[in-house]
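Listed here are the chains, written in short residue letters.
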Amino acid sequence: MTTTQERSVPKPAFTDAEAGARTFPDSEARRFNYFSSAKRKQSHYEDVTVEVQPDPRHYLSQGWIYGFADGRGGYPLDWTALKAWGQDRPEPVRSPGSGGAGYEWPAHGWHEFRDPNEEWEQTIYRNSSNVVRQLNQNIDAARQSKAFEQWNPNWVDFVARHVGAWMHVDHGLGLYLFANANRRGPTNMHNTALAVNSTHRIRSAQDLALYNLTLSEEIDAFDGGAHVQAWSSDPAWQGVREVAEQLTSTWDWAEAVFATNLVFEPLVGELFRSNLVQQAAPANGDFITPTLIGAEEYDYAERDLRCTKAMFAPMVSDREFAEHNTGILQSWLQSWLPRCLEVARTLQPLWSQPDAKPPRFEDGLDRAKSRFTAIVSELSLRVPKELNQ
Amino acid sequence: MSRQSVAKAHQKIQELSWEPAYHEPVSHYGTDYTFRKAKKKDPLKQVLRSYFPMEEEKDNRVYGAQDGAIRGNMFRQVQQRWMEWQKLFLSIIPLPEISAARAMPLLFRTVPNPELHNGQAIQMIDEVRHSTIQQNLKRLYMNNYIDPAGFNSSLRGFQNDYAGTIGRQFAEGFITGDAITAASIYLTIVAETAFTNTLFVAMPGEAAANGDYLLPTVFHSVQSDESRHISNGYATLLMALSDESNHQLLARDLRYAWWNNHCVVDAAIGTFIEYGTKDRRKDRESYAEMWRRWIYDDYYRSYLVPLEKYGLEIPHDLIEESWNRIWNKGYVHEVAQFFATGWIANYWRIDPMTDEDFEWFEHKYPGWYDKYGAWWENYNRLSVPNGHKPIAFEDVDYVYPHRCWTCMVPCLIREDMVMDEVDGQWRTYCSEPCHWTDKVAFRPTYQGRQTPNMGKLIGSREWETLYHNWNFADIVKDMGFVRDDGNTLTAQPHLDLDPKKMWTLEHLRRCPPFPSPNVTLNEMTEAEREAFRADYVRQGPAGRPAPAS
Ligand SMILES: [Fe+2]
Ligand SMILES: [Fe+2]
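As the structure is a computational prediction, the values presented were derived from the model and not from experiment. Residue positions are counted from 1 within each chain, in the order its sequence is given. All chains are assigned letters beginning at A, and all ligands numbers beginning at 1, according to the order in which they are written. Two thresholds apply to this predicted model, a pLDDT of at least 70 for residue-level local features and 80 or more for giving and counting side-chain atom pairs, whereas whole-chain, interface and lining totals are computed over all residues. Only heavy atoms go into the side-chain values, all of them from the structure, while hydrogens and water stay out.

J.: Hey, could you go over the coordination of the iron ion (ligand 2) for me, with residue numbers and the actual values?
T.: Residues and elements named next belong to chain B. For the iron ion (ligand 2), every protein donor is listed as Cys404 (SG), Cys407 (SG), Cys430 (SG) and Cys434 (SG), and the spread of their distances is 2.3 to 2.4 Å. Excluding water, the donors of a metal are its N, O and S neighbours within 2.8 Å, or within 3.2 Å for Na, K and Ca, and that exclusion means sites may look incomplete. Counting along the primary sequence, the residues that act as donors to the iron ion (ligand 2) give the motif C-x2-C-x22-C-x3-C. The same class applies to Cys404 and to Cys407, which are both buried. Categorising residues by exposure relies on relative accessible area from a 1.4 Å probe, with only protein chains included: less than 20% of the type maximum marks a residue as buried, more than 50% marks it as exposed, and the intermediate range marks it as partly exposed.

Written out as structure tokens, the structure is:
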């Protein structure tokens, strides 16, 4: 005979606590009711991001409770010189008997920004996993079919040195500019979008580094350390390096993001990736490198650029500070355009290195310039005259 | 990938970083700690190529479970007593998560070892994951649980209620002040390493016992990222320890961070687990038992104590006193009673305790009934409106407490209350360590040493100040805790959703105005204030007035 000892487990109980089981005040109120959506219907993205980062100007009645040594806490709006409507009104003062109400939501224009890519955790992992899976498959397939043996000898060196050098740009900007900026923006939507931009760049950096590792294993003549040397001493890269470092040294988060995604990327990033590597690779027998570079191009052109334009376009048409912001953005263009243009030119020697030559540097630069012009015009900003000097 | 190639891949990505030659990255944050630049190993050994698919796979399991729960009508078996406290918990926790993401760059310039930055960037992404996956869970609850009120107003409630403010320390503390104090000691060494076990392991267990298996699914998935973050913190801590001039600051920060986490996390999670459950099996662990195992044994004895030999000064006295507060001074019970006393200021409903609950409490915490039983019987008696006022305005042998200026939990262990004039204002503190945190630790000098980067405690820290002498109907309207008929309160001191049994603004209109304890304290003469103090420390337990002397 066996004795069964009763196991100690919680007992399920029928509670009928599901939606619709009863009618009472609020029983149908199934919508986050503390913000208004950009479109008619609240999106899933908005539901999981909007208002997570609080604001003393509307609901945060007791204010920030921890400050830096200067007594300022949270996410000060003057961490950028740009302004959004409503922000110059004094912060609501809470005192004995003042009540807790601040300005009516959203209180100022920064809260109106929405990431057009609607990024939150599900999209981040889905998109990024797709990219790494795709790249891994491409590289595996290339290895199995000995595709790397088709490469022209100079191209092997080109990929080792110059494609390799680009990983440092991605890494430096990904960490010290975009990840850094995720602490600086005024709302959760800004900071989350910036964190996503950061993951794109850091992933691209690692993609290139690990690709470089594979190539060192697959191609005898491939020098896996050449990228470090190119980055630290090749004169063709010192301009890029200097301006990348200068971008990370920028105090104003919005200036750093604006200068990177709207000036540096079209004039230098796309020039190198789209107008050099992508053009030169096939003729030199390389069909793999373009898939890596293409993944980064896609992240930039289809996601990060799109998001950045949506971040800055409202500033130019802000109902209170349009003029102020236009002046600031114009001055940022004025200081970053010449630097980036000069740097673009320092890359010119790269065009003559592959055996099979890519289209002319000047043609590539023209394409990059017209890309830049289109972006700037979309934001209703003036193209600085230096572009065509 | 084979193990060898993981190691090689990891080695390779170390080549990405470079020493700036022309411009240094911007330095936005300061620290009074000093770090020597030394070659370090990245403690994470994680490359994004494997990280993203791994996380996507974890996600698929979470979202699959959510679909299953809805198809399987999980909410027919969910205990409302439990779900109501999730309105508070899930209003708080997405901010700490996202703040952890925001905290990572505080370490970039202050800890000059690029090998660690890769791990910090991955933690940043993890934290975006945690914040939004938790918001998503809350959204699911709002859509599928019987009473959406309080979920639907979640982040507004969080921002303007005192309970949310208490929770906010566990977020703002990560992102301001001295970068190492905030993003390393408070966030990773104490909050993540010590207290996420109770948050993300104990809470889910209790949720499952109350019919909710989605909270466990989400939070176990979150917790599985946590060990990486703990390694980040550990690596930074060892580096800090290697420079002796940091030891004094480490000792300060560990005292502050430990005590603040105890005050805040044990108050909230302790209440959810002990008062938010219907599972009264005598052999289920109490919060005190869990705390002893996970925090005292696993964190204190196994993680902290071994660091003593490297020169880490461990706040043994504060760890013992936290246990003393939980086990002997009824900390969690006092907090739960306060939440229930102040139910009118909440955005969730609090179920009264029954005889079965009483029995369990008495079994787990001998002597509980003598202290708290009569008060909870009163709570039950006063839960449905019937000509009386809410319990806070009725005579139930309870003195409304003063708030701790530092941790903002009220001074509930009355004999420990400290009163002092700090920064020209009379303040009350729940305990001596909270007094020390404000008066000594968060200052630009510490034990004669310059600490110019140390943060400041700021803000309107006493919530009651804002509503000094208001009527509670106006307070609740100001906060927006009213249901869609414009009259019924979001909060209720019971679970009955029969509209006739629910409290409304009209009921609150009949209450007297509500004075701020701190404003009142500052209006007193010196003699009155001293009499107040002498009386206060003789009050309790369970908020009882001081015995006539
Ligand atoms: Fe987390
Ligand atoms: Fe306290």
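Having seen it, we continue.
J.: Any details on the coordination of the iron ion (ligand 1)? Residues and values, ideally.
T.: Residue and element names in this part refer to chain B. Distances from the iron ion (ligand 1) to its protein donors, Glu97 (OE), Glu127 (OE) and His130 (ND1), fall at 2.1 to 2.2 Å. One chain supplies every donor for the iron ion (ligand 1), spaced along it as E-x29-E-x2-H. Highlighted residues: Glu127 and His130, both in helix 6 (residues 114-144), separated by three residues, approximately one helical turn. For the pair shown, Glu127 and His130 are each scored as buried. Secondary structure counts use DSSP, requiring at least four H or I residues in a row for a helix and at least two E residues in a row for a strand, with both numbered from the N terminus.

J.: An account of the pairing of strand 2 (residues 425-429) of chain B is needed here, citing residue identities and associated values.
T.: Residues and elements named next belong to chain B. Judged by how many residues are buried, strand 2 sits mostly within the fold: four of five residues are covered. The pairing criterion for strands is at least two bridges between them, as found by DSSP. By the bridge criterion, five bridges tie strand 1 (residues 418-422) to strand 2 in an arrangement that is antiparallel. If you follow Val418 over to strand 2, its bridge partner there is Tyr429. Where strand 1 folds back on strand 2, the antiparallel hairpin that results is connected by two residues, among which Asp423 adopts a positive phi of roughly 50°.

J.: If you had to explain the interface of chain A and chain B to someone new, which residues and values would you point to?
T.: Whether two residues are in contact is decided by their heavy atoms, any of which lying within 4.5 Å being enough. At the interface, 109 residues of chain A touch 121 residues of chain B. Taken together, the two surfaces of chain A and chain B that pack against each other cover about 10,200 Å², and 59% of this comes from carbon and sulfur. We define a salt bridge as a side-chain nitrogen of Lys or Arg found within 4 Å of a carboxyl oxygen belonging to Asp or Glu. The interface formed by chain A and chain B contains six salt bridges. The closest approach of N and O atoms between Glu121 of chain A and Arg129 of chain B, which form a salt bridge, is 3.7 Å. Two N or O atoms count as a polar contact when they lie within 3.5 Å, although within protein this holds only if one can serve as hydrogen donor and the other as acceptor, and sequence-adjacent residues are included solely when both atoms are side-chain atoms. Run the count over chain A and chain B and you get 75 residue pairs in polar contact (both at pLDDT 80 or more). Sort the elements by how many residues they give to the side of chain A that touches chain B and helix 4 (residues 188-218) of chain A lands first, with 15 residues. Of the residues belonging to the side of chain A that touches chain B, the class tally is 44 nonpolar, 44 polar and 21 charged. Relative to strand 5 (residues 456-457) of chain B, strand 1 (residues 66-67) of chain A is paired through two bridges, and the arrangement is antiparallel. Within strand 5 of chain B, the position partnered with Gly67 of chain A by the bridge is Lys456 of chain B. By definition, the buried area sums, over both parts, the 1.4 Å-probe accessible area that each loses when the two are put together. Any residue that is not Ala, Val, Leu, Ile, Met, Phe, Trp, Tyr, Cys, Pro, Asp, Glu, Lys or Arg is counted as polar, Gly included; the first ten are nonpolar and the last four charged.

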